[in-house]
Amino acid sequence: MPPLIPVSIQHCQGYDPDEVREALNKTLAPLGGMSAFVTPGARVLLKPNLLAPRLPEAAVTTHPEVVRAAGLEVLQAGGQVFLGDSPGVGSLAGVLRKTGIMPVVQELGIELVPFRTPVPVPVPAGGVYRSFLLAEEATRYDLILNLPKFKTHGMMTLTLAVKNMFGTVVGAAKPGWHLQTRDTVRFADMLLDVWRALSPGLNIMDGITAMEGNGPGSGDPLDLGLLMASPSALGMDLVAGDIAGLSRQRHPVLYQAVARGFEGAERHQVQVLGEAVEDVKRIFVLPESASRVDYRLPGWMHRSMRKSLNSFPRLNPDPCTSCGLCTGICPVNAITLHPRPRTGGTVNREICISCFCCQEICPERAIDIVPGRLLRVLKKINLA
């Protein structure tokens, strides 16, 4: 019988630098400390969640103090620290400045590594895909230290450690994967294979201020007060889903991981250390799209009823500034802005694939989610 996968949980009530550093040390201690993962001279890549240029208090990105604490621990263990990502909006440097992480980078002497060069990276045996074009810059290191943010997500319900590795897909290729996969099951399979292709050796989750509601970019901050650490991104996601009160059926990445028999997808394969899940559990407000049931349908029914059982974005003309980010990122060109500025736009549901990239990057929270006809009926009778 394989050893249990450790997932460590510790309280941390705020982003005071000393408090975060102390909490991180306590979180890592049951795993052997940072020195169990970083040997002297090792090259370590920090991979935070850098979705878009938002202020730290918006809870859209990994907080700078979590990046600082992780970087300091790597340096103390004798490692060399690098930081890389391919943000959904803006340049790496621009996002780091807006999120408050750039001063940490400068203070600790961290070398920045923008993800720019896609190269084929093979997927281990058991993958749905044989390989992916991922950032060559993410393949050069002795350890990838994955630094996700604990957030809800319009398409995946939660975006955690596994999905944070999607940031290694370079730039405009991200919407392309939404177009290629088109549905929740295949997108979840793709995320699992990207994670397995690069296999971060340590995952530290910023759940001090999490996000609930219409995440990952338009949700509401939630004071969860937790740091988590694990060598397994999947095991961490499993425990995080339990903390958020999410059933497996509503957690597509975990749902597919169970179906594919991956280690860390079942509760009996994981050992929780530190705080007990029951003591830190919070019922999250989920995205309005989280009631979708299309990915759990048989194939024949899914094809004929997907639109009616799905949710769709709708532009709210009041906060909309006609910035055009939504039209630029939509992989199927389903959004048309009205000719008069600040009057919103329309979404063509016939071609919309419900990836919610538009909502994810909208800086004004101007994109609402509305259910399809049959889904509205199911919601009324509490079946969705």
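Because the structure is a prediction, the values reported are computed rather than measured.

Draft legend 1. Main features of the overall build of the chain. Assigned secondary structure in the chain consists of 14 helices and 16 strands. Computed over its C-alpha atoms, the radius of gyration of the chain comes to 20 Å, within 12% of the 21 Å expected for a compact globule of 384 residues. Looking at the chain as a whole, 59% of its 384 residues are labelled buried. Contacts in the chain between residues far apart in sequence, at least 24 positions, make up 73% of those at least 6 positions apart. Accessible surface, the chain as shown: approximately 15,100 Å² in total, 51% of it carbon and sulfur. Here the chain contributes 38 positive and 34 negative side-chain charges, whose respective centroids are spaced 10 Å apart.

Draft legend 2. Spotlight on the environment of Gln256. Positionally, Gln256 belongs in helix α9 (residues 252-259). For Gln256 and Ala188, which are 68 residues apart along the polypeptide, the C-alpha to C-alpha distance reads 6.7 Å. Filtering out sequence-adjacent residues up to four positions away, Gln256 remains in contact with Val185, Ala188, Asp189 and Leu192.

Draft legend 3. Broad picture of the pattern of salt bridges. Inspection of the entire model under this criterion finds 14 salt bridges. Measuring nitrogen to oxygen at the nearest pair gives 2.5 Å for the salt bridge that ties Glu73 to Arg21. Of this pair, Glu73 sits in helix α2 (residues 64-76) while Arg21 sits in helix α1 (residues 17-28), and the two are 52 residues apart along the sequence. Accessibility expressed as a relative area gives 5% for Glu73, which makes it buried. In this structure, the salt-bridge partner of Glu107 is Arg68, at a minimum N-O distance of 2.1 Å. Of this pair, Glu107 sits in helix α4 (residues 102-108) while Arg68 sits in helix α2, and the two are 39 residues apart along the sequence.

Draft legend 4. Quick peek at the environment of Arg182. Relative to the assigned elements, Arg182 resides in the loop between α6 (173-181) and α7 (184-198). Looking at Arg182, the relative accessible area reads 38%, which means it is partly exposed. C-alpha of Arg182 to C-alpha of Leu145: the two residues are 37 residues apart in sequence and 30 Å apart in space.

Draft legend 5. Representation of the packing of aromatic side chains within the structure. By the definition in use, this model includes six aromatic pairs. Plain terms: the ring middles of Phe82 and Tyr141 are 5.0 Å apart, the flat faces sit at 50° to each other, and that makes the pair tilted. Taken together, the positions of Phe82 in strand β3 (residues 80-85) and Tyr141 in the loop between β6 (131-135) and β7 (143-147) put the pair 59 residues apart, joining distant regions of the chain. Considered together, Phe82 and Tyr141 belong to a single accessibility category, that of buried residues. These aromatic residues form a ring-pair network of at least three members: Tyr129, Phe132 and Trp177.

Draft legend 6. Main features of the side chain of Asp206. Mapped onto the fold, Asp206 is located in strand β10 (residues 202-212). A polar contact of 2.7 Å, which involves the side chain of Asp206, links it to the side chain of Tyr15. Excluding residues that lie within four positions of it along the chain, Asp206 makes contacts with Tyr15, Thr61, Thr62, His63, Val66, Pro148, Lys149, Phe150, Leu226 and Leu227.

Draft legend 7. Expanded view of helix α8 (residues 233-243). Along α8, 11 of the 11 residues are buried, which leaves the element largely enclosed by surrounding structure. Taken as a whole, α8 has its buried residues at Ala233, Leu234, Gly235, Met236, Asp237, Leu238, Val239, Ala240, Gly241, Asp242 and Ile243. Downstream of α8 by one or two residues, Gly245 has phi in the positive range, about 70°.

Calculation criteria
Residues numbered from 1 in each chain as written. Predicted model: local features only at pLDDT ≥ 70, side-chain atom pairs only at ≥ 80, totals over all residues. Heavy atoms only, no water. Helix = DSSP H or I, 4+ residues; strand = E, 2+ residues; numbered from the N terminus. Rg over C-alpha atoms; globule rule 2.2 N^0.38 Å. Buried < 20%, exposed > 50% of the residue type's maximum accessible area, 1.4 Å probe, protein only. Contact = heavy atoms within 4.5 Å. Areas by Shrake-Rupley, 256 points an atom, 1.4 Å probe, with all protein chains shown as cover. Lys, Arg positive; Asp, Glu negative; His and termini not counted. Charge placed at Lys NZ, Arg CZ, Asp CG, Glu CD. Salt bridge = Lys/Arg side-chain N within 4 Å of Asp/Glu carboxyl O. Phe/Tyr/Trp six-rings, centres within 6.5 Å; stacked < 30°, edge-to-face > 60°. Polar contact = N/O pair within 3.5 Å; in protein donor to acceptor, adjacent residues only side chain to side chain.

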